[in-house]
Amino acid sequence: MAIQTKKQKQQKQFGLLVVVAMLGVAMFLVWRFGKEGLLSPAGIGAADTVRSEMLRRQADIALPKNLFQDRVLQQFTPYNPAEAPENPGRENPFAPI
């Protein structure tokens, strides 16, 4: 990498600042004037609409009852990790031996 002069560093920093500022302006415009956006003031009720749609879709999910009666699924055993034996150690670890 070539050594940059102070002027080049300032130009690079200014370019990054311009990009960040443009992103900020774009985010504000989408927030303020966006159509039915969740964050837009015009779309405040959109969050409730999305929530109700998610709940409706969740209610539509149906698993077949025989899925849980499958022999392969019943062969699984619950995972119970073995507990390590406790080593209480000394009552006062700072006491002289």
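Undergrad: Is there a simple way to explain the overall build of the protein chain in this structure?
TA: In terms of regular secondary structure, the protein chain is built from 3 helices and 0 strands. Classification of the 97 residues of the protein chain by burial places 3% in the buried group. By element, 64% of the accessible surface of the protein chain is carried by carbon and sulfur atoms, the whole surface being about 10,000 Å².

Undergrad: Whenever I open this one, a nonpolar patch on the surface confuses me. Can you help?
TA: There is a patch of nonpolar side chains on the surface, built from Ile-61, Leu-63, Leu-67, Phe-68, Val-72, Leu-73 and Phe-76 and spanning about 730 Å² of accessible area. Secondary-structure assignment places Leu-73 in helix α3 (residues 71–74). A residue is classified by how much of its surface remains accessible, and Leu-73, at 35% relative accessible area, is partly exposed.

Undergrad: What's the story with the packing of aromatic side chains in this structure? I'm lost.
TA: Aromatic rings in a pair are described by how distant their centres are and how their planes are angled relative to each other. For the structure shown, the criterion picks out 1 aromatic pair. Between Phe-28 and Trp-31, the aromatic rings sit 6.0 Å apart at their centres with planes inclined by 40 degrees, giving tilted as the arrangement. Here Trp-31 and Phe-28 lie together in helix α1 (residues 6–33), a separation of 3 residues that amounts to about one turn.

Undergrad: What should I look at first to understand the pattern of salt bridges in this one?
TA: Oppositely charged side chains may form a pair once their charged atoms are brought near each other. Scanning the entire structure with this criterion turns up 3 salt bridges. Of the charged contacts, one joins Arg-57 and Glu-53 as a salt bridge, the two residues approaching to 3.0 Å between their closest N and O atoms. Of this pair, Arg-57 and Glu-53 are both found in helix α2 (residues 46–60), 4 residues apart, which corresponds to roughly one turn of the helix. A relative accessible area of 54% places Arg-57 in the exposed class.

Rules used in this analysis
Residues numbered from 1 in each chain as written. Predicted model: local features only at pLDDT ≥ 70, side-chain atom pairs only at ≥ 80, totals over all residues. Heavy atoms only, no water. Helix = DSSP H or I, 4+ residues; strand = E, 2+ residues; numbered from the N terminus. Buried < 20%, exposed > 50% of the residue type's maximum accessible area, 1.4 Å probe, protein only. Areas by Shrake-Rupley, 256 points an atom, 1.4 Å probe, with all protein chains shown as cover. Patch = residues over 30% accessible without salt bridge, like charges linked within 9 Å, V, L, I, M, F, W, Y side chains within 5 Å. Salt bridge = Lys/Arg side-chain N within 4 Å of Asp/Glu carboxyl O. Phe/Tyr/Trp six-rings, centres within 6.5 Å; stacked < 30°, edge-to-face > 60°.

Just geometry here; none of it tells us what the structure is for.
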